[in-house]
Each structure stands twice: as C-alpha cells, then as structure tokens.
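# Observations on the three-dimensional arrangement
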Amino acid sequence: MVLVENVVYLFHLLQIVRLCLASERFTPFSFNRYELEDYKNEVRDLFYFAFDSYLTHGYPYDEVKPISCVPKTRNFTHEHDLITNDVLGNFTTTLVDSLSTIAILGDVDRFAEAVELVDKTIPADFSLDVTIQVFETTIRILGGLISAHLYATDPTKKVYLGPSYNNHLLTKAKVLADRLLPSYLTRTGIPVPRINLRSQFQKIDYMLVSENNAAAAASPMLEFTMLSYLTHDDKYREVTAYAFKKTWDLRSELNLLSMSFNPDTMEIYHPMTGTGASIDSFFEYALKGSILFDDSELYQIWAESYYALSIHAKADWFFYNVNTQSGEMITPWIDSLSAFFPGSQVLDGDVADAEMKHLMFLKLWNTYGGIPERWLFSPPRDRGRTPVNVSNTVQLGWYALRPEFVESTYFLYRATKDVFYLNIGWHILQDLKTRFKFECGFAGLQNVITGEHQDRMESFVLGETLKYLYLLFDESNELHKSSQRNQIFSTEAHPMWLTPKMKEQYNRNKFMDHDIYFTHLEHLKKLSATRRKGPPSFQDKVLGLLKLTLGVENTDEELDDELSKTLAAVHHPRHTIMHGTCPVLPKDKKLTFYHSRLLNDFPQLFRIDHNYAATLIKPKWRQNAQHIETFPDFYYRWYDRRTSVSQPAPLTASFEFMLDSKHTHPLPVKPTKQGNVYYFPTLHGCKLRVERIMPGLIDTYGDYISPKIFKSLCPEDLNPGACGFVQPPQELLIMVAIDGKQFPKDSIFVTDYDDLFGPHAADMNDILSYNKKRQLLINCNIVANVYVG
Ligand code: DMJ
C-alpha cells in the first residue's frame, strides 16, 4: 500500500515538474519548437476527444451530434432529404474520414484499432440500400479507405501495419468504386450525381440525377485513378479521366467552365463560374492530379482555367462569380468553400496572390468568428432604401467548421514560414477550445449573425480541419520530410502518393477488361469523333488574341515566337518547385525562418478593413472580439516598429491647428532634446497636430490605447477652478506632430510658460490653461504629453 502511495506521489511530482518545465520552455507567440509541440499536442487531444465521443455516442452511424450527444443518422424516412442523405450513407463516415488523421498523428495502435473497426462494421459487399452522392462518397469514403491503405502498407510510415493487415481497405475501396461506377454510364460519359449503392437507379427520381456540377462530375477522377494504380485495373482511371476532360469541354470560348449542367445532355443550366461551391475541386484536382500522376494534360487544364479566372474573375482580394460567356460579374458575393483556393495557388507557386486572397478570409474570421457560407462584398442593390446591416450582407450565415481557411493557412505557412500563419492557427485552436467545443465534439455556427451553434459535426471536422491545424504545428511530420514528388492531399485532406515502384508496377501490369465500361467508352469516343469539333484549343485562342493585340501585319514566325513565350509563362509553375506537399521557394528569395513578412513588409495588411468597411459588419456578439493579426501579444512581439510598413490604420481623430501666425521668431523652431523629452522655446507659429485618444482605439502609431493612462488621472490633478472637472475625462489629447513631422511614440514636450501665458499671449488665454500637473489644456481638454515649463 505504501509503495503504491509512493508511486502515485512520485507520479504527481513528475507531472508538476513536467508542467513547470513545459511552461518555462516558451513564452507564448515565440513560436519556438516547444511551443509548436504543445499546440500540436493540444490539437491531437482535441481530435481524440471528438473521435472518442463519436465512437461512444455516434458509431456505428455516420456522425455524432456534438451538443446532444446522439448519433446523426441518415434520414431514413425522407429519402429526399438531400442535405443529409447525400453525405450520410450509413457507412460510418466519421470513422472512415478520420483514418488518415490518425495515421498523420502517427499513432499505430489507434490506427490499427480503427482499421479493424472499419473491417467489422462496413459490409464487405457495400450492398447498402442508400442513395448517396457519388462525389461526396468518393472523397470521404473511397478517398479515406485508399489513403489509410497507403499508410497501412508503406513500411516507411509510423502506422505501417505489416503482414497482419490483409488489404481489406483496398478490397472495400474496390467494391465501393464498382458500385459507384455505373453512374458514368450516361450518353456523355459525365456521371449523374447520385446512385443507390444496392439498386443503382431503380429507386431514383429523374430529378435527383438530372443536374450535376463541375466539381462533382470531374473530381472522382483523382481517387479512381489512384485506385487504378493500386489495383492495376485501368477502368477506374479511363472512365473518370474521360469524364474530367468531357466536363472541361463544357467550357466557354473564354475558357470559363459553367458550374451546373445536365450530365446526360450537356445542357448548361447556368452560365456562371467562380472558385467556390460547385466548381472548387475541379480546379484543385486539375492541379493536384497533374502532380500526383505526372499528368501534363491535367496541368494544362489547370493553367488554362486559372489563367481564364485571372483575366475575368480576379479582384485584388478574391475571385468572384462571372458569366462564362461574357466574363461579366454575376454575383457580388464570395463563399466559404472558395477559401481553399489560396492553397492551390501556393501549390502552383503563386504565393504572393495567395497571400492576398487568404487575407480576405482572415478578415471574415475577424468579423464573424468563422467564415459565413456566403458573404456580400458590396452592399445589397437596394442600397438607400434598406440600410446596410449585418443581416443583409451575410446571405448564408452558417459556418460548419469547414476546413478551407485553415487548409490555406497551412499551405501558406509551409511555403513562407511566416509566423503570421502560426498566429492564425493559434487563434483557431483557441476558438476550437472555447467557442466550438461541446460535450461530444465540435459544433460550428448555425448563424454567424447571432452566434447560435449547430448541433452537427460533419466528418470533415476530424478529417480535415483538425488535420490541417495539427500539421500546421507539426514541423517534423513525416509528410513534411518526405522527398516523394508525387504526393498530394485529396480535396478531403487524405494524403495520397505514388512511389516509383508503384508507378512502375502499374505501367507494367495495367489492364482493362472488355466489359461494359470498355464498350461504353469506345462508343463515346466514336461518337465524339463524328461530332463537330469542340471549342478552339487554348493555342488557337492565344494566337487569336495575339493577332488582335499585335496587328495582322505580324508574320507567322513572330506570332509563333510570341505564342511560345506566352505559353511558356502560362504553362509552367512560376515561383516554386514541388516537393511532395511543400512548395520550395527558389533560393534567391531570402527567407528568415519565423519572420513575419506580412506583418512588417506588406503595406496593404489593413486595406481590406478599409475597402470593405461597408459590408464587413461585426455582429453584436463579436463587438469586443480582437482581430487576429493585431492581437496584442502577437503583434507586439513580431511587429517591428522601426521598419514596418504595416500598421493598423488609426481609429482616432486628429486635428491640426496653429496658436497664431504672427510669429516673431525664425521657423522652423528647433527643439532641444533629452531622451524622449523635447523642449520647445516657443510653439507660436508652429503647426501642431494633436490626436484625440480613447481606450480601445488604435492610435497614430498603430497601437491599442490602453486604459492605464486614464486610470492614472485623478480629478484633483485637473483644474477644478478653470474647467470644472468632476470625473477624470474619458478622452485625452496627445501631441503627435509639429510642422508635419511626426514624433516618436511616448514623446514628451515641454514648452515655455511665458510663450503660452505671458503678456504677449493674452489673446490665447481663454483657450489655453494648464492643470496641477502642468499639463497643457486646450479648451479644457488635457494634452497629456505637453507640459508647461
Ligand atoms: C469537404 O468535404 C471537402 O473539402 C470538399 O472538397 C468541400 N467540402 C467539404 C469541406 O468544406
């Protein structure tokens, strides 16, 4: 008994020592490796908290409700509840979507347990009577199974399962893919959006299959091609790659791809494009597919589509939705899903623009405490009649803890190593711990306007949001150290890679059975060969454009020359070389690790706040929320006041005045200086700028104004006789500039009594006075840093 007590005592002692050591290892916001390690571990704990809650209260259903602690299931009674049923196929979605996060945590025991649980729970033949969305099932379930299989079978990974693993994840992936593949048997080869895993189309209304979107129709190509590499059965790649290209064929003359169309007739329902919902992963997978499979055709599609977006849909701070035919803006909003795009820009090497686009989402987070599903960047049309307010600028108000903002933050951090992004991660971590954590998981916001939560935790919270946050802090993750060049995160953040051996085996062994898919593809190819040619090629279009710009006199050789220069610029990643998931900046860009370029060298850091002040309206519950980039503990550590060009715009009012213009001395007046004290023999004839400061505002120097300075004032110090103060004032004046020259923060000015109050200054006496501390008063307002000597 004594022994046990001693052991317990020793254990507690060790814990205390460990805690003391831990807290001394870093001061917050130093972002040293101990600090990052702590945050990483906190994220891991949050992940397991929610994952275990799911296992206890949600499993074997698809999700757990984080507030009420009950399973979130398919809507078994109303099959047409698409919002629920598209995603929840009753196949333990949260479990499968979490597998690769556990793998990334490197926890082999938990990984083995979870992999076994999948085996026990999901029926081997996937014969589930559920109508689901092909896209959602592909990215969450098929992708989750494939990625976990890659981890389980890769001896270089911490969670390698060795011979005890019987490939059942891959077997399941194949069975599932076979159940999804009939959705591609359309007249165009573009898939219908939904299928019943057991009965295919028998129970499905035409309504449920007559409209698909660009992201959903094209994206399965990546997971299915990966499956071909793993099984050597090439039908998965052939069928879905054909659909990807067919979807791209739907683009307009401007190379803009409409979001919504009929998969069977290719009728376009709406000629709108953008970077968010319904088209997001089309772009993402053109680029990522090109990296994973060394596919130059896919890169060409990415380059052409990105180029077209840059010409027609790009503003400084975001991409907006445009008409695919005219290139004109259609909607004045951006959506939460488009926050992924800076991550893809980083992968392609366009880091500078990615930084700008990502900042927009930071400002949205500052304002709404999450990213509203849809936010209006310009005031509603009937401006003037209805006042602009938070309700009419947030069009869709929920924030389901989507991962895209943290995903882009992660990519930007890997590319720049700017602590700015670690600071964002830290804030998201705090928000997860304090604002989004409930008894059984994490609940996003039902409405950013009211701050009300939603009792739902979609599987991507564990599959993506927490994964990217963990990886942000995990400098030494095996993914970051990998020299693998064919490696990406799927759109659901499932890591996928191809080794040279896998490629070689696939190329040697691949086959395609002469089955229904083969016949179907042959038929489609024949059909399209006989149809009229599709839109002109990119090359034709660039040539056309150049002819217009250069004039018809140019010889064909000149044009060819120009054309190859233009194409060279478009087709090749501009700034970075890929290495696995981490772009490497070229050597000539000198980067200091842990420097914050954005905070110090980016003059437009606060431009969005100014430009979009009319529609970035804080809801009431966010009124006192601090902005992430100017959070004092971070800001003061990393902002370099000597050199920075980025500082918060002052929120104070300043005004300039002259005491009189009949000066009797030469200008400019030269003060004598001692430390931070400037003695001015006279202020007459000088142009004085004073700033009106109040606690909580940002001053001329970009600093938050602390209430401390006000607390130090007491009524007796004031000048009851002349000005009748009863309470210390709520605002003060500070002299900040004289004759247009701004003085350093905390400067003190001493001036001459006779100059201000002597006989020749009699005309000033009803404006100027001074208090017991001899601080100057202007119209009874204390100028706190000017003393009458
Ligand atoms: C995820 O399922 C994927 O990231 C998808 O590409 C978009 N939607 C969700 C997350 O928001």
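Computed from a prediction, not measured in an experiment: that's the story for all the values here.

### Details of the site of the ligand
Close contacts around the ligand come from Ile 139, Arg 140, Leu 337, Arg 402, Pro 403, Glu 404, Phe 460, Glu 464, Thr 491 and Glu 492, and that covers them all. Thr 491 has a polar side-chain atom sitting 2.6 Å from an oxygen atom of the ligand. Note that an oxygen atom of the ligand is positioned 2.5 Å from one of the side-chain N or O atoms of Glu 492. Burial of the ligand by the surrounding chains reaches 94%, relative to a free accessible area of 290 Å². At the level of elements, helix 6 (134–153) and helix 18 (459–473) are the ones that each hand at least two residues to the shell around the ligand. By residue class, the composition of the shell around the ligand is 4 nonpolar, 1 polar and 5 charged.

### Let's talk about the sheet that holds strand 9 (residues 321–323)
The sheet built from 3 strands is open, its strands ordered 8-9-10 with antiparallel pairing. At either margin of the open sheet sits one strand with a lone partner, and together these are strand 8 (272–273) and strand 10 (329–331). One ladder, built from 2 bridges, connects strand 8 with strand 9; its direction is antiparallel. Across the sheet, the residue bridging to Met 272 is Asn 323, located in strand 9.

### Brief notes about the UniProt feature "binding site: Ca(2+)" (unreviewed entry) in the chain
UniProt records the feature "binding site: Ca(2+)" (unreviewed entry) for Thr 491 in the present numbering. Among the secondary structure elements, Thr 491 is positioned in the loop between strand 18 (487–489) and strand 19 (495–497). For Thr 491, a relative accessible area of 13% gives the class buried. Among residues more than four places away in sequence, those in contact with Thr 491 are Ile 139, Ser 281, Glu 284, Tyr 285 and Glu 464. Separated by 2.8 Å, the side chains of Thr 491 and Glu 284 make a polar contact.

### Quick look at the packing of helix 14 (residues 351–368) against helix 17 (residues 419–434)
The contact between helix 14 and helix 17 brings their axes to 13 Å, and the two run at 30°. For the element pair helix 14 / helix 17, the angle class is roughly parallel. Like other packed secondary-structure pairs, helix 14 and helix 17 cross with a definite hand, here left-handed. Touching Glu 355, His 358, Leu 359, Leu 362 and Trp 365 of helix 14 are Phe 420, Tyr 421, Ile 424, Ile 428 and Asp 431, all from helix 17.

### What about the sheet that holds strand 5 (residues 212–213)?
Spatial strand order, 5-6-7: 3 strands in an open sheet with antiparallel pairing. Of all the strands in the sheet, the pair left with one neighbour each is strand 5 and strand 7 (268–270).

### Structural notes on the nonpolar core
Counting 189 residues, the largest nonpolar core has Phe 111 and Phe 442 as the members making the most contacts within it. Beyond its immediate stretch of four places on either side in the chain, Phe 442 contacts Leu 46, Phe 49, Ala 50, Pro 66, Leu 401, Leu 432, Phe 436, Lys 437, Arg 456, Met 457, Val 461 and Leu 466. Ranked by size, the runner-up nonpolar core spans 22 residues in total, among them Cys 686, Leu 733, Phe 743 and Val 783.

### Comments concerning the state of the cysteines
Here the structure, examined in full by the defined rule, presents 1 disulfide. Disulfide partner of Cys 69: Cys 440, at an S-S distance of 2.1 Å. One disulfide, between Cys 69 and Cys 440, carries an S-S torsion of 100° and so falls in the right-handed class. Pair noted here: Cys 69 is in the loop between strand 1 (63–64) and strand 2 (71–72) and Cys 440 is in the loop between strand 14 (437–438) and strand 15 (441–442), with a separation of 371 residues, a long-range link. Per residue, the accessibility class of Cys 69 equals that of Cys 440, and both read buried.

### Some details on the packing of aromatic side chains
The geometry of two aromatic rings is summed up by the distance between their centres and the angle between their planes. Using the criterion set out here, one finds 51 aromatic pairs in the structure. A ring pair is formed by Trp 302 and Tyr 306, whose centres lie 4.8 Å apart and whose planes are at 20°; its orientation type is stacked. Of this pair, Trp 302 and Tyr 306 are both found in helix 12 (residues 296–312), 4 residues apart, which corresponds to roughly one turn of the helix. Here Tyr 306 falls in the buried class, since its relative accessible area comes to 3%. Members of the aromatic cluster, connected to one another through ring pairs, are Phe 244, Trp 248, Phe 282, Phe 283, Trp 302, Tyr 306, Phe 319, Phe 340 and Phe 341. The ring of Phe 319 is capped by Lys 357, whose NZ or CZ atom sits 5.4 Å from the centre of that ring.

### A word on the pattern of salt bridges
Pairs may arise between side chains of opposite charge once their charged atoms sit close together. Tallied over the entire structure, the rule returns 42 salt bridges. The partner of Arg 44 in a salt bridge is Asp 45, and the shortest N-O contact between them spans 3.3 Å. Accessibility expressed as a relative area gives 29% for Arg 44, which makes it partly exposed. The partner of Glu 63 in a salt bridge is Arg 456, with the nearest N and O atoms 2.8 Å apart. You can see Glu 63 sitting in strand 1 and its partner Arg 456 sitting in the loop between strand 17 (452–453) and helix 18, a full 393 residues away along the chain. As far as burial versus exposure is concerned, Glu 63 and Arg 456 are alike and both buried.

Rules and cut-offs
- Residue positions are given per chain, counting from 1 as you read along its sequence in written order.
- Note on the predicted model: pLDDT of at least 70 is required for a residue's local features to be given, and 80 or more for side-chain atom pairs to be given and counted; whole-chain, interface and lining totals, by contrast, use all residues.
- Think of the side-chain values as coming from all heavy atoms in the structure, minus any hydrogens and water.
- Think of it this way: one heavy atom of a residue within 4 Å of a molecule or strand is enough to make that residue near it.
- Think of a polar contact as two N or O atoms within 3.5 Å of one another; within protein, one of them needs to be a possible hydrogen donor and the other a possible acceptor, and neighboring residues in sequence only count if both atoms come from side chains.
- The accessible surface values rely on the Shrake-Rupley method and a 1.4 Å probe; as for residues, cover is taken only from the protein chains in view.
- By definition, any uninterrupted DSSP run of H or I lasting at least four residues is a helix, any uninterrupted run of E lasting at least two residues is a strand, and each is numbered from the N terminus.
- Ten residue types, Ala, Val, Leu, Ile, Met, Phe, Trp, Tyr, Cys and Pro, are classed as nonpolar, four, Asp, Glu, Lys and Arg, as charged, and the remainder, Gly among them, as polar.
- Two strands form a pair only when DSSP identifies at least two bridges running between them.
- UniProt positions are given in the numbering used here, feature names are shortened, and annotations may be inferred rather than shown by experiment.
- For the exposure calls, accessible area comes from a 1.4 Å probe over protein chains only, and a residue counts as buried if that area is under 20% of its type's maximum, exposed if over 50%, partly exposed in between.
- The contact criterion used is simple: two residues touch if any of their non-hydrogen atoms lie within 4.5 Å.
- Comment: axis = line fitted to C-alpha atoms, over the contacting stretch for helices; angle = value between 0 and 180 degrees taken between N-to-C directions.
- Reported orientations rely on four angle classes, namely roughly parallel under 35 degrees, roughly antiparallel over 145, roughly perpendicular from 65 to 115, and oblique for the rest.
- A clockwise turn of the near helix away from the far one marks a right-handed crossing, whereas an anticlockwise turn of less than a right angle marks a left-handed crossing.
- What makes a nonpolar core is a set of buried Ala, Val, Leu, Ile, Met, Phe, Trp, Tyr and Cys residues whose side-chain atoms join them at distances within 4.5 Å.
- By definition, disulfides here are pairs of cysteine sulfur atoms that lie within 2.5 Å.
- Classification of ring pairs rests on two measures: the distance between centres of Phe, Tyr or Trp rings, Trp counted by its six-membered ring, which must be within 6.5 Å, and the angle between planes, read as stacked under 30 degrees, edge-to-face over 60 and tilted in between.
- Criterion for a charge above a ring: Lys NZ or Arg CZ within 6 Å of the ring centre, and within 35 degrees of the ring normal.
- Just to be clear on terms, a salt bridge is a Lys or Arg side-chain nitrogen sitting within 4 Å of an Asp or Glu carboxyl oxygen.

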